[in-house]
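Structural characterization, general
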Amino acid sequence: MNYQKINNLVGWLCAATATITYILTMEPTTSWWDPGEFIAAAYRMQIVHQPGAPLFLMLQNVFSNLAFGDPQRIAYWMNFGSALSSGLTIVFLFWTITALVRKICWKNGEPLTPMGLLQIMGAGVVGAMAYTFSDTFWFSAVESEVYAMSSLCTAVVFWAILKWEARADEPGGDRWLVFIAYIMGLSIGVHLLNLLTIPALALVVYFRRTSKVTARGVTRALLIGCALLAFILWGVVQYLVKFAAYTDLFFVNTLGAGFGTGAAVFALSLVGGIAYGLWHTMRRAKPMLNMAFVCFSFIIFGYSSFAMVLIRAKANPSLNNSQPDDAFSFLWYLNRGQFGSEPLLSGPYFDANIVDVKQGSNTYRKGETKYEVAGKALTYVYDRTTVFPRVYSDRDFHPQAYRAWLGLGDQERPAFADNLRFLTTYQLGHMYWRYFMWNFAGRQNDRQPLFENYTEGNWISGISFLDQWRLGGQNDLPEAMRMDPSRNTFYFLPLLLGIMGLVWHLRRHRKDMAVVGLLFFFTGLAIVLYLNQSPLQPRERDYAYAGSFYAFAIWIGMGAAAVADLLNRRLNRHTAVPVAVGIALFAAPILMAAEGWDDHDRSQKFMARDMARNYLESCAPNAILFTYIDNDSYPLWYLQEVEGIRPDVRVVNLSLLGMDWQVRQMKKPINDAGALPISMEDRQFVKGQRDVLYYHDYGIQDSVELETLLALLLSDNPSDQLEYSNGTRRNFLPTKRFKLTVDKDQVIENQVVPAKWYGDIVDTMIWNYNQDIVTRAELAMMDVLVHNEWKRPIYFAFSVPERQRLGLDDYLVSEGFALRLMPVNARAEGKDGKRLVNTEATYENIMQQYAWGNMKETPHLDPTSYALVGQSMKVFSDTAEMLIAEGKKDAAHDVVNRAVEVLPERIHLVELAARYPVLTDQLYEVGETAKANELLDRNVAFLDEQLAYYAAIAATKPNIEGMAIRDSLVALQQFAFVAAARGQQKQRQAAMAVFDRYRQVFFDKG
């Protein structure tokens, strides 16, 4: 019996099973969030958002070659790269589990029995396949994201330390430590999560090298491990570059050398120092110090993948996020300067006031011939601070969200106890343990709850009385929730198996259990403490904790061995082991695969690509399209950079336009899109200049020409600036009353408005600016408005929030998924406050140009896709309504039938059901009575079930579903009104019956 061959064979079979699973379920094209940016950047070797992932991009570029020049298959093959990385993760997880279980089940000097072999292999299969089908890992395995490759790095490192442990006394055994160091260095070019394995690795080394384990020795090993983690995370990743930057500063500003000279000298000095250290330690026979130099050199060697960032940034590709082409911009890029940082040891409460601002060291930017001082690093002093701050952010709606999570009134001030309560309830409970239970107990659905509730995104078990006790309403689940593919119930079985494995591991091999436990802690709970997340996260963050779930999967595998030992007390070993392995397989991986397949199968999903295409196709040729955040930008970048769709449209991400590097890039053409008509000189908006300008009301009653205000905001004349208390002078905005004089001849010549509206063109556009500050983004937008002269169409993506539109809403006309700036009153009186729709353009887009992401046929739509379903419904209904108003009923008939044809039949969300009354009324209007009745009946039945569910929850829990209840009742009233207006009494009575029943339940209790 050759253990090694069997171990290798079974491991590779697990990897093959996982890889095939991921290939069958992976997304065929780009997906939401970061993959669109990663695919576009990897294909053309460009720069992604901070802090970059250069090794990941280079490897994904290799996979792109498998498309053999077909641009529509490039995303598929990059997704395949993640699937393959994930499959390889599984084989290393398998080998890790078998290595750990082998120590316990195969005693030294004893022969390995067939049942012993089955117990070891069975544990490996159960644990590896449980992780294969875990929710978090599966999600990342089927898209081109860094987390699949990052998990592979973690798996390789943890497996390698066990290989070292087994061979530490052999000649050359320490080569495994060098290998680990190299993988660590490489992993920095993928994601930093892999570095969190270092404390666990330090413990393995201590246990292997010491003759007697002591508490003091364990503590010392952990401190050394944490110090090594800090050394790599800050010393290598950040301070080496910081030293290089300041060396470059000295050479450039003091010695008059060219940019990069000092950094090159520093790099050569570093290489020379390492080489000397290697030579010296070999000559003086200092093996431990020599090993330290060797490992350090391999970490640096792996870290050198970041040279790609500098090289490609200097080439200034289309996507050049942060433009890190000099030492200081590169340092800012690595430090995630764009995203800021969260306080960890000391910081303010969210209601604290700033009482002082202290200036720190200089910050630098690249000038023409020297580095220039961009400003000072600022430190704010607050009137209320605390140690270990958890409720610290005063940004946007965070204070109200903190209050909601903590149950604080509007005037109540948070105390330290509230600080700790937020840590336990939100940061640990909501943002970690909820995800943990998703993976190993079950999930209610995949909707993200921004506030605590009983119906969205909770963990469940499938055990009715327990779920009823926690969440209520389990005996009255609506069909939509019962049939929701994202509802997964594991009955605690994977969790219990993992706990059994943990206890078994603790009793049988305490040292190894401590190592796995440390991996579990540092890749999970420690991340929670470090990230210090505020509420209202834009997306679920479970991907950050994949390493922790990886560690728990090791214990799930050991759970199979634990069950075998339990059964062995009553059954003979030849029966106990196979039965235990069978039970464990069904309790974890098989159950998890069966429950999770439908909501992880993305093989029919095209929403991200198709909706991005709809945004681009909504624009006229050579347009400027303002977008806002990831999901209305990254997929568009993918289409333009990879598939070559509508490269004439200049996509301008407003959340990035506030950065000086982005404005500079917008002044240059890319692909087939021309430069933005920005007149500002670079010196006027560089870092440190006009970062933020403030509004000061000067009491100006009349509207001021935008060109005049722009000149004031850009003026270097001290008389056009205000002096602040710290002695600085800064431009300011004296009024919010804007106007832009319109040249009608230019508007008509450039076909800005349809011919039918020529008579509605205004002489002057007048509006109120809607913010109290002006950032570079607003400055650039004002510059474009002044100097565009209506030559290029200007659009705002449908999803750009109103506060980001400069207050121009009265002049934004709908052309589908984008709003076009036109000098006509788009919300004139007599139109019920509704927006004008350019029906000619929108009708053509709906009927000929738009694609709909297979939203009707795909087995599962994620929450982001559902939001786009809602936007699609509005595009259909707004267009149909305007067509009807214009007397074009045949065209309206086409539009509403197209809506019925492409929109999903299943209704899962109250907010979507609330949009259907308008479409139902339009179906009646165009003579599609049968379709209208069917749509109305389906929605009323859905709302009836939803309200019954809310009532069942309210019977045992606080009624916190008030908004959903009100939306449901309002929708029922609207359906009843529509049916009555169209003479459909049966439908009206059905809707009102449901409305009256639940109005009494929720509002007429006396």
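Here the structure is a predicted model, which is why all the values come from computation and not from measurement.

Topic: the overall build of the protein chain
Of the regular secondary structure elements, the protein chain holds 38 helices and 18 strands. Relative to the compact-globule value of 30 Å for 1006 residues, the protein chain shows a C-alpha radius of gyration of 31 Å, a close match. The principal-axis extent of the C-alpha atoms belonging to the protein chain is close to 95 × 80 × 60 Å. Across the 1006 residues that make up the protein chain, the buried fraction comes to 57%. Look at the contacts in the protein chain between residues 6 or more apart in sequence, and 74% of them connect residues 24 or more apart. Put simply, the protein chain shows about 41,500 Å² of open surface, and 57% of that area lies on carbon and sulfur atoms. Between the averaged position of the 93 positive side-chain charges in the protein chain and that of its 98 negative side-chain charges there is a distance of 10 Å.

What about the sheet that holds strand β12 (residues 729-733)?
Taken together, 4 strands build an open sheet; the order of strands is β11-β12-β9-β15 and the sheet is mixed. Each edge of the open sheet carries a strand with a single partner, namely β11 (721-723) and β15 (773-775). Across the sheet, the mean angle from the axis of one strand to that of its neighbour is 45°, orientation sign disregarded. Relative to β12, β11 is paired through 3 bridges, and the arrangement is antiparallel. Bridge pairing in β12 links glutamate 723 to arginine 729. Contacts between helix α28 (residues 706-714) and the sheet are confined to β9 (692-695), β12 and β15, with β12 contributing the most and set at about 165° to the helix. Packed on one face of the sheet, helix α30 (residues 776-788) meets β9 and β15 and runs near 80° to β15.

Side note on the pairing of β12
Relative to β12, β9 runs parallel, the two sharing 2 bridges. Paired with tyrosine 695 across the bridge in β12 is leucine 733.

Brief notes about the sheet that holds strand β8 (residues 650-653)
In spatial order, the strands read β8-β7-β16-β18-β17; together these 5 strands make up an open sheet with mixed pairing. The sheet terminates laterally at β8 and β17 (812-814), the two strands that pair on one side only. Averaged over all pairs of adjacent strands, the angle between strand axes in this sheet comes to 30°, irrespective of strand direction. Where strand β7 (residues 624-627) lies against strand β16 (residues 794-797), 3 bridges are found, and the strand directions are parallel. Of the residues in β16, the one forming a bridge with phenylalanine 626 is phenylalanine 796.

Re the pairing of β16
Taking every second residue as pointing to the same face, both faces of β16 are buried, with Ile794 and Phe796 on one and Tyr795 and Ala797 on the other. For β16 and strand β18 (residues 818-821), the ladder comprises 3 bridges, and the chain directions are antiparallel. Looking at the pairing, alanine 797 lines up with alanine 818 of β18.

Re empty space enclosed by the protein
A water-sized probe rolled over the atoms picks out the places where empty space is left. Evaluated as defined, the whole model comprises 6 cavities of 30 Å³ or more. In this structure, the largest cavity is lined by 13 residues; those nearest its centre are Ser151, Thr154, Leu193, Ala546 and Gly547. Counting residues per element, the ones that place at least two in the lining of the largest cavity are α7 (146-167) and α22 (546-567). With 4 residues, α7 is the largest single contributor of residues to the lining of the largest cavity. Across the lining of the largest cavity, the residue classes break down as 8 nonpolar, 5 polar and no charged.

A short note on the packing of aromatic side chains
Applying the stated criterion across every chain, the model contains 65 aromatic pairs. With a centroid separation of 6.3 Å and 90° between ring planes, the pair formed by phenylalanine 552 and tryptophan 555 is classed as edge-to-face. With a gap of 3 residues between them, phenylalanine 552 and tryptophan 555 both fall in helix α22, about one helical turn apart. Note on phenylalanine 817 and tyrosine 850: the rings are 5.2 Å apart at their centroids and 75° apart in plane angle, and the pair reads as edge-to-face. Placement of the pair is phenylalanine 817 in the loop between β17 and β18 and tyrosine 850 in the loop between α31 (839-849) and α32 (863-885), with a sequence separation of 33 residues. As far as the burial class goes, phenylalanine 817 and tyrosine 850 line up, both buried. Each residue in the set Tyr432, Trp433, Tyr435, Phe436, Trp438, Phe440, Phe520, Tyr545, Phe549, Phe552 and Trp555 is aromatic and connected to the rest through ring pairs, giving one cluster. Just above the ring of tryptophan 438 sits the side chain of arginine 443; from NZ or CZ to the centre is 5.2 Å. Here the basic side chain of lysine 736 rests over the ring of tyrosine 695, its NZ or CZ set 4.8 Å away from the ring centre.

What about the layout of surface pockets?
What the second largest pocket holds in volume is close to 1,100 Å³. Taken together, 29 residues form the lining of the second largest pocket, with Leu177, Leu228, Met291, Ala292 and Cys295 sitting closest to its centre. The set of elements that each furnish at least two residues to the lining of the second largest pocket consists of α7, α8 (175-188), α9 (198-209), α10 (215-254) and α12 (287-303). A class-by-class count of the residues in the lining of the second largest pocket yields 25 nonpolar, 2 polar and 2 charged.

Overview of the environment of leucine 625
Mapped onto the elements of the fold, leucine 625 is located in strand β7. The exposure class of leucine 625 is buried, given its relative accessible area of 0%. Considering only alpha carbons, one finds leucine 625 and valine 1001, 376 residues apart in sequence, at a separation of 48 Å. Residues within four places of leucine 625 in sequence aside, it is in contact with Tyr615, Leu616, Cys619, Leu636, Val649, Arg650, Val651, Val652, Tyr795, Phe796, Ala797 and Ala818.

Quick look at the environment of serine 144
Topologically, serine 144 is positioned in the loop between α6 (135-141) and α7. Separated by 65 residues in the primary sequence, serine 144 and asparagine 79 have C-alpha atoms spaced 4.6 Å apart. When residues no more than four places from it in sequence are discounted, the contact partners of serine 144 are Pro35, Phe38, Ile39, Phe56, Gln60, Met78, Asn79 and Ser82.

Structural notes on the pattern of salt bridges
Scanning the model with the defined rule gives 48 salt bridges in all. Put simply, arginine 683 and glutamate 681 hold a salt bridge, and the shortest N to O gap is 3.0 Å. The partner of arginine 982 in a salt bridge is glutamate 925, with the nearest N and O atoms 2.8 Å apart. Pair noted here: arginine 982 is in the loop between α37 (962-981) and α38 (985-1003) and glutamate 925 is in helix α35 (residues 916-925), with a separation of 57 residues, a long-range link. Given the relative accessible area of 30%, arginine 982 is considered partly exposed. Judged by its relative accessible area of 23%, glutamate 925 falls in the partly exposed class.

Topic: the packing of helix α20 (residues 510-522) against α22
Two elements in contact, α20 and α22, have axes whose closest approach is 7 Å; the angle formed by their N-to-C orientations is 150°. With respect to α22, the element α20 is oriented roughly antiparallel. Between α20 and α22, the contacting residues are Met513, Val516, Gly517, Leu519 and Phe520 on the first element and Ser548, Tyr550, Ala551, Phe552, Ile554 and Trp555 on the second. Among the residues making up the contact of α20 with α22, the classes are represented as 9 nonpolar, 2 polar and no charged.

Regarding the side chain of glutamate 928
Mapped onto the secondary structure, glutamate 928 falls in the loop between α35 and α36 (929-956). Within the buried set, glutamate 928 has no salt-bridge partner at all; the shortest N-O distance to an opposite charge, 4.1 Å, is to lysine 931.

Description of α37
Owing to its 3.6 residues per turn, the α-helix aligns residues three or four sequence positions apart on the same side. Helix length check: α37 (20 residues) gives 29 Å between terminal C-alpha atoms against 28 Å at 1.5 Å per residue, within 8%. When α37 is considered as a whole, its buried residues turn out to be Ala964, Ile965, Ser968, Leu969, Ala971, Leu972, Phe975, Ala976, Val978 and Ala979. Among the structural elements, α34 (910-913), α35, α36 and α38 are those in contact with the buried residues of α37. At the exit of α37 stands glycine 983, carrying a positive phi of roughly 75°.

Some words on the side chain of threonine 89
Within the secondary structure layout, threonine 89 lies in helix α4 (residues 71-105). Given a relative accessible area of 0%, threonine 89 falls into the buried group. A polar side-chain atom of threonine 89 sits 3.2 Å from the main-chain amide nitrogen of leucine 152.

Rules used throughout
- Residues numbered from 1 in each chain as written.
- Predicted model: local features only at pLDDT ≥ 70, side-chain atom pairs only at ≥ 80, totals over all residues.
- Heavy atoms only, no water.
- Helix = DSSP H or I, 4+ residues; strand = E, 2+ residues; numbered from the N terminus.
- Rg over C-alpha atoms; globule rule 2.2 N^0.38 Å.
- Buried < 20%, exposed > 50% of the residue type's maximum accessible area, 1.4 Å probe, protein only.
- Contact = heavy atoms within 4.5 Å.
- Areas by Shrake-Rupley, 256 points an atom, 1.4 Å probe, with all protein chains shown as cover.
- Lys, Arg positive; Asp, Glu negative; His and termini not counted.
- Charge placed at Lys NZ, Arg CZ, Asp CG, Glu CD.
- Pairing = 2+ DSSP bridges.
- Axes fitted to C-alpha atoms, helices over the stretch in contact; angles between N-to-C directions.
- 1 Å grid on protein atoms, 1.4 Å probe; cavity = no way out; pocket = protein on both sides within 12 Å on 5 of 7 lines; lining within 4 Å.
- Points joined across faces, edges and corners; volume = space filled by probe spheres on them.
- Nonpolar A, V, L, I, M, F, W, Y, C, P; charged D, E, K, R; others polar.
- Phe/Tyr/Trp six-rings, centres within 6.5 Å; stacked < 30°, edge-to-face > 60°.
- Lys NZ or Arg CZ within 6 Å of the ring centre and 35° of its normal.
- Salt bridge = Lys/Arg side-chain N within 4 Å of Asp/Glu carboxyl O.
- Parallel < 35°, antiparallel > 145°, perpendicular 65-115°, else oblique.
- Expected span 1.5 Å × (residues − 1).
- Polar contact = N/O pair within 3.5 Å; in protein donor to acceptor, adjacent residues only side chain to side chain.

Nothing here speaks to function; it is all geometry.
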